[in-house]
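Commentary on secondary and tertiary structure
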Amino acid sequence: MSNVTRKHTALPKAQILIEALPWLTRHRGKTVVVKFGGNAMIDDGLKAAFAQDIVFLHHAGLKPVVVHGGGPQISAALDRHGIVSEFKAGLRVTTEDAMDVVRMVLAGQVQRELVGLLNEHGPLAVGLTGEDAHTITATKHLPTIDGRSVDIGRVGEITAIDTGAIEALLADGRIPVVSSIARSQDDGHVYNVNADTAAAALAAALGAETLMVLTDVEGLYEDWPNSDEVISRLTASQLEKLLPELASGMVPKMEGCLHAVRNGVTTARVIDGRVQHSILLEIFTDEGIGTMVVPDDEEAGDAA
């Protein structure tokens with residue numbers, strides 16, 4: 001291969017790096033909360049790519065905070081313990097026995113694996129749960145089904161966030177990895193909280209630039225199931241109008257995005273976690289992928 005040809009094949013790589021420059025400038029020093037979930041949690045290739053993306057954000061001068069749940073892993077562990085998984089109003093009914101398993105899986109398995117993957121790249125990640133340093137405080141959540149309150153056990157509704165421990169880790173150049181378990185405000189128990197909701201609450205409390213939620217779809221569809229056109233950008237009010245029509249799995253994700261942008265987060269995005277390096281594509285390229293939610297006062301094009 002001649003020198004000229006070799007230079008030529010390298011050019012597209014240089015162009016890709018240069019395309020990232022304005023985004024690197026814009027996001028430097030900003031906090032990004034990423035909700036890790038869906039297929040990206042189960043597929044080994046996607047898991048490794050996710051860890052690379054988060055470490056890349058860190059080295060590019062951003063401050064990533066990872067929040068995770070662990071639905072599939074919890075279901076598998078409950079099966080092994082002979083505990084039946086039951087869902088009401090889209091939430092896992094969490095008995096006392098089930099809560100022990102949830103805590104063990106989230107803090108002792110999913111979080112540890114994620115911390116391990118990140119730390120293959122250096123002494124970066126530190127795992128904590130919402131119990132640590134009062135990071136997430138909750139009270140018992142009683143969903144309304146058919147007009148009446150239903151007890152679904154140790155499922156929590158977030159009442160307070162204390163970002164002190166996370167901010168100390170970020171200031172020390174670490175990557176916090178937070179399991180969505182909360183301490184109780186009133187009864188001494190611990191609670192299982194929805195990880196989408198926890199990520200949104202943390203993004204707002206941290207004054208994050210961006211909340212990113214990994215899903216198993218391309219984004220929010222314009223007119224599902226009639227069309228697979230993805231809405232690439234919408235305002236908080238537009239999203240609020242759509243909420244009643246959404247599939248149940250998307251509701252906590254999109255409610256989280258809405259909460260985030262209504263509480264000081266500049267953009268909230270739902271992105272396809274089945275695409276390797278979707279986080280980098282979303283943050284550092286002109287195209288972006290998925291659906292971005294912006295505050296109502298954002299004029300079109302302002303918050304690309």
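An account of the accompanying structure is given in this report. Values in this document were obtained by computation on a predicted structure and should not be read as measured data.

Right, let's get into the overall build of the protein. Scanning the protein from terminus to terminus reveals ten helices and 18 strands. Each principal axis of the C-alpha atoms in the protein carries an extent, and together these give about 70 × 45 × 35 Å. Every one of the 304 residues in the protein was classed for burial, and the buried ones make up 49%. Nonlocal contacts in the protein, meaning residues at least 24 apart in sequence, comprise 72% of its contacts between residues at least 6 apart. Just so you have it, the protein exposes about 14,300 Å², and 52% of that area is on carbon and sulfur atoms. Side-chain charges in the protein split into 25 positive and 41 negative, and the spacing between the mean points of these groups amounts to 6 Å.

What follows concerns the layout of surface pockets. Space left empty within the atom packing is revealed by a probe, the size of a water molecule, rolled over the atoms. When its volume is computed, the largest pocket comes out at roughly 1,300 Å³. What lines the largest pocket is a set of 45 residues, and nearest its centre among them are Leu91, Asn194, Ala195, Asp196 and Pro252. Counting only elements with at least two residues in the lining of the largest pocket, the list comes to strand 1 (31-36), helix 4 (71-80), strand 4 (91-92), strand 9 (156-161), helix 7 (195-206), strand 13 (210-215) and helix 9 (250-262). The element contributing the most residues to the lining of the largest pocket is helix 9, with seven residues. Grouping the constituent residues of the lining of the largest pocket by class yields 19 nonpolar, 19 polar and seven charged.

Our focus in this paragraph is the nonpolar core. With 44 residues, the main nonpolar core has Phe50, Ile54, Ile279 and Phe284 as its most contacted residues. Secondary structure elements with two or more residues in this core: strand 1, helix 3 (44-59), helix 4, helix 5 (96-118), strand 10 (175-179), strand 13 and helix 10 (278-284). The element that contributes the greatest number of residues to this core is helix 5, accounting for eleven residues. With residues near it in sequence (within four places) discarded, Phe284 still touches Glu19, Ala20, Trp23, Leu24, Phe56, Leu57, Ala60 and Leu62. Counting residues in hydrophobic clusters, the runner-up holds 39 residues, among them Leu128, Val178, Ala208 and Leu239.

This part is about the packing of helix 4 against helix 5. Direction vectors running N to C along helix 4 and helix 5 enclose 125 degrees, while the axes themselves pass 9 Å from each other. Classified by the interaxial angle, the pair formed by helix 4 and helix 5 is oblique. As helix 4 runs across helix 5, the sense of the crossing is right-handed. Contacts between helix 4 and helix 5 involve Gln73, Ile74, Ala77 and Leu78 from the first element and Ala98, Val101, Val102, Val105, Leu106, Gln109 and Val110 from the second. Grouping the constituent residues of the contact of helix 4 with helix 5 by class yields nine nonpolar, two polar and no charged.

Read from one edge to the other, the open sheet built from four strands follows the order 9-6-11-12, with strand pairing classed as mixed. The open sheet has two free edges, formed respectively by strand 9 and strand 12 (190-192), since each of these has just one partner strand. Across the sheet, the mean angle separating the axes of adjacent strands is 45 degrees when strand polarity is ignored. Examined bridge by bridge, strand 11 (residues 181-184) and strand 12 share three bridges and lie antiparallel to one another. Residue pairing in the sheet places Ile181 in a bridge with Asn192 of strand 12.

End to end, helix 5 covers 32 Å across 23 residues, agreeing with the expected 33 Å (1.5 Å per residue, within 8%). The largest bend along helix 5 measures about 35 degrees and falls at Gln111. Within helix 5, burial applies to Ala98, Met99, Val101, Val102, Val105, Leu106, Val110, Gln111, Leu114, Val115, Leu117 and Leu118.

Tallied over the entire structure, the rule returns two cavities of 30 Å³ or more. For the largest cavity, the calculated volume is near 50 Å³. In terms of lining, the largest cavity is formed by Ala40, Leu46, Ala49, Phe50, Asp53, Leu214, Gly273, Val275, Gln276, His277, Ser278 and Ile279. Counting residues per element, the ones that place at least two in the lining of the largest cavity are helix 3 and helix 10.

Tracing the sequence through the fold places Leu142 in the loop between strand 6 (136-140) and strand 7 (144-145). With 16 residues separating them in the primary sequence, Leu142 and Ile158 have C-alpha atoms 12 Å apart. Apart from residues no more than four positions distant in its own chain, Leu142 is found in contact with Ser149, Val150 and Asp151.

Positive phi values are uncommon outside glycine, yet His134 reaches one of about 55 degrees. Along the chain, His134 turns up in the loop between strand 5 (125-129) and strand 6. On the accessibility criterion, His134 (41% relative accessible area) is partly exposed.

Here we take up the pairing of strand 11. Taken together, the two bridges between strand 6 and strand 11 define a ladder with parallel strand orientation. Counterpart to Thr137 in the pairing with strand 11 is Arg183. The turn linking strand 11 back onto strand 12 is made up of five residues, and Gly188 within it adopts a positive phi angle of 80 degrees.

Basis of the calculations
Residues numbered from 1 in each chain as written. Predicted model: local features only at pLDDT ≥ 70, side-chain atom pairs only at ≥ 80, totals over all residues. Heavy atoms only, no water. Helix = DSSP H or I, 4+ residues; strand = E, 2+ residues; numbered from the N terminus. Buried < 20%, exposed > 50% of the residue type's maximum accessible area, 1.4 Å probe, protein only. Contact = heavy atoms within 4.5 Å. Areas by Shrake-Rupley, 256 points an atom, 1.4 Å probe, with all protein chains shown as cover. Lys, Arg positive; Asp, Glu negative; His and termini not counted. Charge placed at Lys NZ, Arg CZ, Asp CG, Glu CD. 1 Å grid on protein atoms, 1.4 Å probe; cavity = no way out; pocket = protein on both sides within 12 Å on 5 of 7 lines; lining within 4 Å. Points joined across faces, edges and corners; volume = space filled by probe spheres on them. Nonpolar A, V, L, I, M, F, W, Y, C, P; charged D, E, K, R; others polar. Core = buried A, V, L, I, M, F, W, Y, C linked by side-chain atoms within 4.5 Å. Axes fitted to C-alpha atoms, helices over the stretch in contact; angles between N-to-C directions. Parallel < 35°, antiparallel > 145°, perpendicular 65-115°, else oblique. Left-handed = near helix turned anticlockwise from the far one by under 90°. Pairing = 2+ DSSP bridges. Expected span 1.5 Å × (residues − 1). Bend = angle between axes of the 7 residues up to and from the residue.

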